[in-house]
Each structure stands twice: as C-alpha cells, then as structure tokens.
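Commentary on secondary and tertiary structure
Here are the chains, one letter per residue:
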2 protein chains.
Amino acid sequence: MNLKTYQNMTRDELLKEKEALEEQYKKVKEKKLNLNMSRGKPSSEQLDLSMPMMDFLNGKSDMLDSEGNDCRNYGILDGLKECKDLMASLVHTSPENVIIYGNASLSIMYDTVARSVTHGVNGSTPWCKLDKVKFLCPAPGYDRHFAITEYFGIEMITIPMREDGPDMDLVEQYVNNDPAVKGIWCVPKYSNPQGYVYSDKVVKRFAALKPAAEDFRIFWDNAYCVHHLYAEDQPEIPEILSECEKAGNPDMVYEFFSTSKITFSGAGIAALASSKRNLDFIKKQLTVQTISYDKINQFRHVKFLKDAEGVHAHMKKHAAILRPKFQAVLEILEQELGGLGIGSWISPKGGYFISFEALDGCAKAIVAKAKEAGVILTGAGATYPYGRDPKDSNIRIAPSYPPMDELVEAAKLFTLCVKLVSVDKFLAE
Amino acid sequence: MNLKTYQNMTRDELLKEKEALEEQYKKVKEKKLNLNMSRGKPSSEQLDLSMPMMDFLNGKSDMLDSEGNDCRNYGILDGLKECKDLMASLVHTSPENVIIYGNASLSIMYDTVARSVTHGVNGSTPWCKLDKVKFLCPAPGYDRHFAITEYFGIEMITIPMREDGPDMDLVEQYVNNDPAVKGIWCVPKYSNPQGYVYSDKVVKRFAALKPAAEDFRIFWDNAYCVHHLYAEDQPEIPEILSECEKAGNPDMVYEFFSTSKITFSGAGIAALASSKRNLDFIKKQLTVQTISYDKINQFRHVKFLKDAEGVHAHMKKHAAILRPKFQAVLEILEQELGGLGIGSWISPKGGYFISFEALDGCAKAIVAKAKEAGVILTGAGATYPYGRDPKDSNIRIAPSYPPMDELVEAAKLFTLCVKLVSVDKFLAE
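Here's a quick rundown of the structure. (Residues numbered from 1 in each chain as written. Chains lettered and ligands numbered in written order. Predicted model: local features only at pLDDT ≥ 70, side-chain atom pairs only at ≥ 80, totals over all residues. Heavy atoms only, no water.)

Quick notes on the sheet that holds strand 4 (residues 155-162) of chain A
Residue and element names in this part refer to chain A. Spelled out, the test is: Two strands make a pair as long as DSSP finds a minimum of two bridges between them. Only DSSP runs of H or I covering at least 4 residues are called helices, and only runs of E covering at least 2 are called strands; the numbering of each starts at the N terminus. Residues count as neighbours in contact if any of their non-hydrogen atoms are within 4.5 Å of one another. Every angle, taken between N-to-C directions, lies between 0 and 180 degrees, and every axis is a line fitted to C-alpha atoms, over only the stretch in contact when it is a helix.
Sheet architecture is open: 8 strands sit in the order 2-9-8-7-6-3-4-5, paired in mixed fashion. On the outer flanks of this sheet lie strand 2 (98-100) and strand 5 (165-166), each paired with one strand and no other. In this structure, strand 6 (residues 181-186) lies alongside strand 7 (residues 217-221), joined through 4 bridges in parallel fashion. Across the sheet, the residue bridging to Ile184 is Ile218, located in strand 7. Seen against the sheet, helix 6 (residues 168-177) touches strand 3 (134-139), strand 4, strand 5 and strand 6 and runs at an angle of roughly 155° to strand 4.

So, in structure tokens, the structure goes:
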C-alpha cells in the first residue's frame, strides 16, 4: 500500500503511478462489467424478507378491517385505522396526525408542493400567483427532492450540511427574514447521501423558527426513520410535530415516510404526518383527487408487520443483509484510498448511502471513468440543486442493490477511478 | 294501480292521494331504514368474484415479469408490459399508447388537469397564467369530474346530453370558436348517470373538432368500456384515439379507464391512453412525481384477468349480479310510477346508474324526503356543474351496492317520495 500522499509525489512518481493505474484500469475494462451502484434500491435478498406478507391475504381471507370496512371497496380516504396506528408508531406521533396514501412518499411530496402551487397553504396565496418562491436545499441532498422544486420553478438555495444537520444559522437567516422562502427539504435521520443524523439542538432550532412567510413549511422526509445498520447504535431524533407544537409552530411541518425500504420498494405504503389543521386542508383537496388509496395493501401490511415492534424486528433482518455490504465498501475505500489524501467518506449508522468527497473538480471525471468501465454511479452533481455541485466533489455510493461479489468489484473499480482522476489532477497542476 | 295522471286529478283527489301516501310514508319511517343508493359501488357479492385473484401471488411466487423485472422493486415508471397489453386491449388501442398508474383513474384525471394548470399542455401556457379557462360539461354528468374542474377554478359550461351523446352543435360552437375552452368531460359509453352510448356520428364529430385552443383536450372517461348488462346487446363505440388521428387531431384526447369495477374498487389498476406526443410530455412530469406505481398489483391483475377475453368472461359474472338489481328497480319504477306522468327514466344497457327525471323543481325535495325515511340517494344537483341542476329534476339512482331485499325496499320508498313530492307540487299550483 502506498502511504505517500499524491500531493507529496514528484511528477515522475505521479507519472509512474498513473502508468500502473492505467494498466489496472485496462484490465478491468476487459472484464466488460455491467454493475450499478447508482440508486438506493434494496436487493432481491432484502425483498425476499417480505415475501411472507404475500401469504397474509388470500382468496379466502376476510377483507373487513377492525372497523368493519370492506378493504376491497371504495372509501376510507385517509387510510385504515390500524394502518394509521402502525405508521404513526414508526415516527412516534399520534394516528390522528396521519394520512395513509399510495405506494410512494415521493408522490405525497410532489402533491404537497403541487397543491401549494395551485391552492396555497391553508388559505395563503397560491404560489403560482407569487413572483418568487424559494426553497432551502441542504446539500449534498436527495436529487428527487430537488427535481420536484425545480419542476415547479421554485428557486433553490443551497444550505451546507454539517455533521449535526443543515447550517442552522443560515437556515434561520433565510426563513426568518425572507417571506419568499416557503420550504426546506430535510432528511433528518441518515441524511441522503451522508447518513448524518440531525442533533437534538438542530431539530429544536427547526421547531423554533420564526418564518417570515405564514405558508413556510418544513418538508421533513423521514425516509430512514427505522433504517439502522447497527443494533447497538440506533440514534433517535426528537419527534418533530410535537417539537413544533411546543415551540408555538403547530402547523409548520409536513412529515413524509413509507415502507418502501421496509417491505417492497415498488409496492409499499406511504404516509404523511402533520397537524390537524394542515390535514383538514389537505383532505379537502384529496377528496377531489381520489376516492381512496389501496386499502388491501394497507391491510396486508398491517397483518404482516403488526406494530412498531414487528417493524423493528423486520428491520434487523434488513440490517443483517445491508451491514456487510456497507462494511465491504468502507473497507475497500480505506484499503485503497486510506492515507492518499485524495478523498474522504463517512461511515453511516443507517440509511442507504455512503457519501464520498473527492478532490475538488474530480467527481464528474470519476463517475465518467467508472461508467466507461461498466460501473454506473449516481450522476455527479445529482446531490446538489440543479445538478450542479459547485466543487464537483461529491459522489453518492449506493451499496444496497448489487450482490456482494459485484459490489466488491464495483467498489474496487471506483477507488481505481478515484486514483486515476486524482493523479491526473495533480499532473495538471 | 292508479292510471289517472296526477295532472288530471281534481284538488280533492290529490288531497286524498296525499293522505294515503303520507300514511304509507309514516309506516315506512317506522321501519327506521338505513339504506344507501347513492354511489356506484359494487356489492360484496361482486367483489367476491375477484377473490381468486388473491391466490395468484403468494409467498412463494416468482415476482419477475415477462421482461425479467422484479415487480417488488422500484422502476418501470409507466407499467409492466403485460399490464399495458391487457389494459390497451380493453379500449382497443395499442400498448404504446398506455401508461399504467395506481388504483384510481380519478387521480389520473386530477393529475392531468393539475399538470395543465401548472405546466400547460405539451408546452402551451400553463392554465394558471391565463385569465380564463373553461371546460364543457355534458350534463347530467359525473359529479367527481365537475369537482376537479371546480377545484381548479375552471369555468364550467353545461352542455345538454342527448340519447346519442352531448349536443354536438353546441360543443362545436364552443370548442371551435372559444380559445378559453380547454376541455370537455365525456363518459362515452354508459354515460354517468343516464347510461347513454355516444353514437358513431357523435364520436366522429368529436374527432373532427377544430379547436380554437391548441391545448384543448377531450377528457374521455371510458369508465364503463366493458361494463355491459346484457350479453346479447353490447354496444361498441369507435376507438377515439385512432378516430382523432384519422381526423388530423392525433393529440386531442386523454382516455381514462380502470379495473375499479372489474376487480376491486379500492384496489384496482387505472390507466391512461393517449398519443405518444402527449405521453412523452406526461412522462416528464411523472418521473418527478413518482418512481413507479404498484407493479405487484399490476402483476396480480394480469395473472388473474389474463387478456380481454378473460375480462369479458369476468364481466359476465358481474352482469349476472347487477342485471336483476337494475331490473328490480326498473320494475318498481314502472309499477309505481308508470302512467302517472310524474317522472321518467332510462333503462340502460350497461354502466352503474339509472337516471330519473322528476317533475321540475322536485328533485331536491324527493332526495330530502327519502333521506328523512332512511334512504340515501345521490344529492340532487350533483349531476350538474356546481351542484346546480337548473330544473331541479335529475336524480341518480345507484342500484349496485345494496342487497336485493334492501334495494327493493329503497326503490319502493323512492317512488313513494316521488309521488308525495309531486302531489305537493300539483297542490301548490
């Protein structure tokens, strides 16, 4: 292992290193790999964990819920009672604060923004009638959040992410002073992609915001609320709805979550948690948009997962599959790049990603180089608003989907690309 | 049976009739009925027909579709290939013209209007930036259509319904001359509530419209495309996409349909059919709104229904349950009201409703009277834009949901209320 950092190498040493790396790269290319580390998709093995759910309802099942409603028919706009109980328990709120939707929390977020654009927030001026609407976007962040705000022409303001959450000085400065700032995207636990967990202090500062805009809302995407990697280290964050209420901001948050990475990614249950006043306004729209969501799937989920305890037991099985994959990638990163000074990364305690910081100006080139050799990574820049990473340094690694052998191969190729591009950078300086 | 029309009765005869009717009404009220003929919901017996579908996937099933995609995971935004094949066959179009959505075609309609409001149609000015947007609403029509347009502040213009479809002279006059007219709601086969079937001529006149607005679209809700009541009499209408294409208007129609009244009303499959150009624009939005819809449910549906033939065989079983209910109501109407000159109705060949025309100014009073005696009907006026029936005469009867004995009781009570309110009307004249 070369312990000399690239920065300290002479030009000749760099050229020699480059030659060796290119030889390795050539050999990998000859393997004609076709690997994908781009999206936070569960593996087949993980999906298999929920196959028993498919046996909980069959052709002979009684399809009446605990209140006697026929799950097969129209009705029950906001979800089965028992499903609200289950979902509420995952984010430590009350079932009255929950609406159960269809299979995707992303759709709830989209709809929530769309409704605000056309109808405002609880009676405020529709955003489409305003000259300017802005959202704060802690970054690196989730590309699909940014895609929603961009689609609706909302100006995105990048907020730097810290280990304990977004830069709250900046958040307060914007939210408390600029009435055009209407929202902020948050993934509070196991942030996407860094896996950071918001500190209690950060959560409480969120709850205590004094928004200049009455229709400012926190878009709290609690996607990984129960998605821990280690049994012995499961951070919890303060419950955001009650924190906001305590701070005198009862209506300030929309919380989104789902079972997409608990049961089936394509066929789970998604939910929204918010204040009664917010939900009342939303239901007025929802009743125009649909008659009801798929209650059979809600019913099936409740029968399988049962309660929060059932979910936590189930999530341990996911962790048992995911943990070795995260560890394998982290080991390869350490082994291949440790001490070279050409990149840094974070070892997350949960979630679906490892965030890699390359040298400035190297991310795009690394992703391109990996692609050339048959390994697809999340597009460089995707973790920033408008797909523009100002330093061109962040790369999101998603270890969950590939089988272990492919993952190891892909991770090794990745580190090779990091080295190659970094050598080039130093040679060009 | 009294064959003398109320109109020809003397005041004394009317008073006597009223007394007798009120005696009957009092007796019915004592039964404390709790019956519902308000919504087009399938009965439990109908839902039972699809219970075998629940056995087509279980914990041991292979969850890969015909193209090798894992139905449990993210992806396949526009639906499984085999599901597109199935759904396309129901409306006689090609699978390339189809997107499979979630469980409700109503949501697709809502989304289609919402997207036009915020982003226009294939690049046109977003409707929210226009001073005035109008929709034509053939009426009597479907209240949930009108609710969508009303929610988005779209001005609704009532178009009278004829036996062969909407008044096309009026439709052409509006669409071809007024650029603010952006859409029309249509239920072309078994119109809601009258059960009318658009004639070939009407469909072709639709296809041949020359809209003043480039972003005018026909919202073709083909909800009852395969929902016939009689095996020997199953009207077909020309396929609207190809008709529009032939007439030089390839992008003029959005067609909506679902399996809500084929399998499970709350947990079926909904689809949109349109031109490639329209679908391309829509997919750009859809990719922001969701990752994919529930493909497990799509998969289950395909395994159960198989193909158009499978669907038609299945629909015969629905008809066998529905037909006697429609016939029972129609018989009671004839028996109790035939020849009295106080109402008229249509015997539909399919769909979910019987449309009743009371004497002018009587619908609200009849619905209120029925409610007082424990029978819920669709709110009077609901079949017209803004809930305002100008003549206060149309009542939608939904015979599908109640068991036969309750249905008979409800229908009898309904006719009693019609008589009571009509007598009052004549007495007041």
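A short note on the packing of aromatic side chains
So the rule is basically this: Classification of ring pairs rests on two measures: the distance between centres of Phe, Tyr or Trp rings, Trp counted by its six-membered ring, which must be within 6.5 Å, and the angle between planes, read as stacked under 30 degrees, edge-to-face over 60 and tilted in between. Type-normalised accessible area, obtained with a 1.4 Å probe on protein chains alone, sets the label of each residue: buried when under 20%, exposed when over 50%, and partly exposed for intermediate values. When the NZ atom of lysine or the CZ atom of arginine is within 6 Å of a ring's centre and also within 35 degrees of its normal, the charge is said to sit over that ring.
One pass over the full model with this rule turns up 34 aromatic pairs over all chains. Look at Trp345 of chain A and Phe356 of chain A: their rings are 6.0 Å apart centre to centre, the planes differ by 10°, and that puts the pair in the stacked class. With Trp345 of chain A in strand 10 (residues 343-345) and Phe356 of chain A in strand 11 (residues 354-358), this residue pair connects regions lying 11 residues apart in the sequence. Ring geometry for Phe219 of chain B versus Phe256 of chain B: centroids 6.0 Å apart, planes at 20°, classification stacked. One end of the pair, Phe219 of chain B, is in strand 7 (residues 217-221); the other, Phe256 of chain B, is in strand 8 (residues 253-258), and 37 residues separate them in sequence. Judged by its relative accessible area of 0%, Phe256 of chain B falls in the buried class. Put simply, the rings of Trp127, Phe135, Trp185, Phe219, Tyr254 and Phe256 of chain A touch in pairs and so form one group of aromatic residues. Just above the ring of Tyr401 of chain A sits the side chain of Lys41 of chain A; from NZ or CZ to the centre is 4.7 Å. Directly above the aromatic system of Tyr352 of chain A lies the positively charged group of Lys261 of chain A, at a separation of 5.2 Å from the ring centroid.

Examining empty space enclosed by the protein
To find leftover empty space, one rolls a probe the size of a water molecule over the atoms. Using the following cut-off: We place a 1 Å grid over just the protein atoms. Points where a 1.4 Å probe fits but has no way out form a cavity, open points with protein on both sides within 12 Å along at least 5 of 7 lines form a pocket, and any residue with an atom within 4 Å of a point lines it. Grid points are joined across faces, edges and corners, and a volume is the space filled by probe spheres set on the points.
Per the counting criterion, the structure on display carries 10 cavities of 30 Å³ or more. As a volume, the largest cavity reaches approximately 420 Å³. In terms of lining residues, the largest cavity is bounded by 27 residues, among which Gly102, Asn103 and Tyr293 of chain A together with Gly102 and Tyr293 of chain B are the most central. Elements with a contribution of two residues or more to the lining of the largest cavity: helix 4 (105-119) and helix 10 (295-305) of chain A together with helix 4 (105-119) of chain B.

Considerations on the relation of the copies chain A and chain B
Both copies of the chain are related by one operation, a rotation about an axis with a shift along it. Note the threshold: C-alpha atoms of residues with pLDDT of at least 70 in both copies form the basis for the least-squares superposition of the copies.
Of the transformation superimposing chain A on chain B, the axial component is 0.0 Å and the angular component is 180°, with the fit at an RMSD of 0.0 Å. Considering both components of the superposition, the chain copies are consistent with a two-fold axis. The overlap is high: 100% of the interface residues of chain A also sit at the interface in chain B, so the same surface is used on both sides.

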